[in-house]
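Letter by letter, the chains look like this.
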Amino acid sequence: MMRSVIQVSGVRKSYGSTVAVAEASFAVNEGEIFGLIGPNGAGKTTTMECIEGLRKPDRGSIVVLGLDPFREVYQLQNRIGVQLQQAQLQKRIKVWEAVDLWASLYQKKTVDGDRLLDQLGLTDKRNAWFMNLSGGQKQRLFIALALINDPEVVFLDELTTGLDPQSRRAIWDLVRGIRERGKTVFLTTHLMEEAERLCDRVAIMEHGRIIDIDTPANLVFRHCPERSVVLEVSNPSIADRFKMIQGVESVERNGNQLTILGRGDLVTEVIHCLSEDRVRVTDFRVILPNLEDVFLKLTGRSIRE
Amino acid sequence: MLRGLAKLTWIEIKIFLREPLGAIGTIVVPVLVFIVAGRAISSKTQTPSMSSFARVGLPVMVTILIVISTVLSLVTIISIYREGGILKRLRATPLRPQTILSAHVLVKLLLTAASLLLMFLAGRRYIPPDVHPPIASFVLALAISTWSLLSIGFVIASIVPTARFAQPIAAVVLYPMAALSGLFAPVASFPPAIRALAHTLPMTYAVSLLQGIWVGDPWSAHLGDVAALIAFFLLFTALSVKIFRWE
């Protein structure tokens, strides 16, 4: 039985007449990377900031590491690490000064700042001003600041937004590294690829509500069981045989290219037919649904809209 | 409770000095005003009114100038920090909000003291030889005045919509206040309505206190000013606690 480090139940938060979070309930297990995913404006950041103790929910209860985040915010802040969306530091603060300042704020023993900078590849930027760092360097510094107190839970809000693909991948490796050290990671993202590659479990949020929670693979399996095989064959008349396979929903033919859509053990069956009939295959691709398709299916709209 | 205060204050001082324009504007300009005006006046101190201005008016005027630029820079920096999400980021640490704000007040007080010291050192010969201002008392009076006026800064910083408006709005509030404060003409010489208005403004009490202490008045003669400044400080601090926005 996994121990849950965050329990959220029935949380609601509105700003004036705008309801940011209508109803959110979920639990985050110790040692996992948990992702809150959804489009911009879904209520992810508000939910996260309630958990961090920065906002007080109108209704519902939150327990983080056994603490009430709003009433016991200072105890909590000693035990968690936070990276905020679109946060800035003083323009002319130096990297080492920020790390040094943060290290001085915690009651407990902090990790070695220089080693942390080294692990995050910031050693040669030690004396650089914050304003002169690149986007990726700033995010790495924010990760360093979130880790300085050796936290039990790390919160990362839209960590890679605005970064180029290369920096994004580097950051993903760092986040996996945080999990390797036995820490729990709670992150938000509107990038489905990020959620799929990084998260052990995700909660899909839309219009202030959690609509489903599971591992990325299970979500895809449950909501989008169809997959398609696209292949180019010398003899397209084999299409009729594919139609006989159990679970096939459609076979489309376009010259020598066939697209077979279905569910179940589609790929094995297609390969089996091909080898039995000794069909020459010049191209073969399996198209699997991903979280983006799950989101489309659940909400009727694309997450990018 | 004030964990991190010393380090944050020290870092903020370093950051302040890294921005050359800010440092020049806050420290050097008031001192230059004192020297230039002092030189102009000291060459014609024969006229009695000029002499009285050099004795009391000028030093206090420059002091108030220092205080105003201090308040302006506090308002500006708080609103920039808020707009940039820096206040929010600092709040997501065990840093107490009051520590963050205290650090800024401390930085501003230290800078005010530095400006004043520079003014004394650089402008020593423009202070008439028969004037012996009680430096320690004056510094204390300045600290009380600055503290009180900084609390207005927090109220202004709470209500300015964006950092762009911070400086202009603060200037619009502070300069008229200075004009009515008795800095340029004695409050007693104002028409009754304006005199009444002047007595509702904290700067009037700051000017009265600073001018009095500069010419050697005992503190007992200015207890009313000190009480008023403390009252304003409490009022504005309570108000800004209510309306201050962190983001």
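For clarity, every value in this text was computed on a predicted model and none was experimentally measured.

Asker: Describe the environment of L106 of chain B, naming the residues involved and giving the relevant values.
Answerer: Note that L106 of chain B resides in helix 5 (residues 97-122). For L106 of chain B, a count of 17 C-beta atoms within 10 Å corresponds to the partly exposed category.

Asker: Just give me the short version of the packing of helix 5 of chain B against helix 6 (residues 135-159) of chain B, but keep the residues and values in it.
Answerer: Relative orientation and spacing of two packed helices are given, respectively, by the angle between their axes and the distance between those axes. Residues and elements named next belong to chain B. Closest axis-to-axis distance for the helix 5/helix 6 pair is 11 Å, and the angle between their directions is 140°. As judged from the angle between their axes, helix 5 and helix 6 are oblique. Note on packing geometry: the crossing formed by helix 5 with helix 6 is right-handed. Where helix 5 approaches helix 6, its residues V105, K108, L109, T112, A113 and L116 are matched on the opposing element by V139, L142, A143, T146 and L150. Its residues placed into classes, the contact of helix 5 with helix 6 shows eight nonpolar, two polar and one charged.

Asker: Tell me about the environment of L223 of chain B, and name the residues and values.
Answerer: Residue and element names in this part refer to chain B. Assignment of secondary structure puts L223 in helix 10 (residues 223-243). A count of 11 C-beta atoms within 10 Å places L223 in the exposed class. Sequence-wise, L223 and E12 are 211 residues apart; in three dimensions their C-alpha atoms are separated by 34 Å.

Asker: How would you sum up the interface of chain B and chain A? Please name residues and give values.
Answerer: A common way to report how large an interface is uses the accessible area buried once the components associate. Across the contact, 18 residues belong to chain B and 20 residues belong to chain A. With five residues, the single largest contributor to the side of chain B that touches chain A is helix 1 (residues 5-18) of chain B.

Asker: Lay out the domain arrangement of chain A with the relevant residues and their values.
Answerer: Here chain A is described as being made up of domain 1 (4-221) and domain 2 (225-288). For domain 1 of chain A and domain 2 of chain A, the distance between their C-alpha centroids amounts to 43 Å.

Asker: Help me get a handle on the pairing of strand 12 (residues 257-262) of chain A, residues and values and all.
Answerer: Residue and element names in this part refer to chain A. Bridge count between strand 10 (residues 227-233) and strand 12: six bridges; the pairing is antiparallel. By the bridge assignment, V229 is partnered in strand 12 with I260. Examined bridge by bridge, strand 11 (residues 248-254) and strand 12 share six bridges and lie antiparallel to one another. Residue pairing in the sheet places N254 in a bridge with Q257 of strand 12. The loop that links strand 11 with its antiparallel partner strand 12 comprises two residues; one of these, G255, has a positive phi angle of about 65°.

Calculation rules
- Residues numbered from 1 in each chain as written.
- Chains lettered and ligands numbered in written order.
- Predicted model: local features only at pLDDT ≥ 70, side-chain atom pairs only at ≥ 80, totals over all residues.
- Helix = DSSP H or I, 4+ residues; strand = E, 2+ residues; numbered from the N terminus.
- Buried ≥ 20, exposed ≤ 12 C-beta atoms within 10 Å, placed from the backbone.
- Axes fitted to C-alpha atoms, helices over the stretch in contact; angles between N-to-C directions.
- Parallel < 35°, antiparallel > 145°, perpendicular 65-115°, else oblique.
- Left-handed = near helix turned anticlockwise from the far one by under 90°.
- Contact = placed C-beta atoms within 7 Å.
- Nonpolar A, V, L, I, M, F, W, Y, C, P; charged D, E, K, R; others polar.
- Domains from an automatic or database assignment.
- Pairing = 2+ DSSP bridges.

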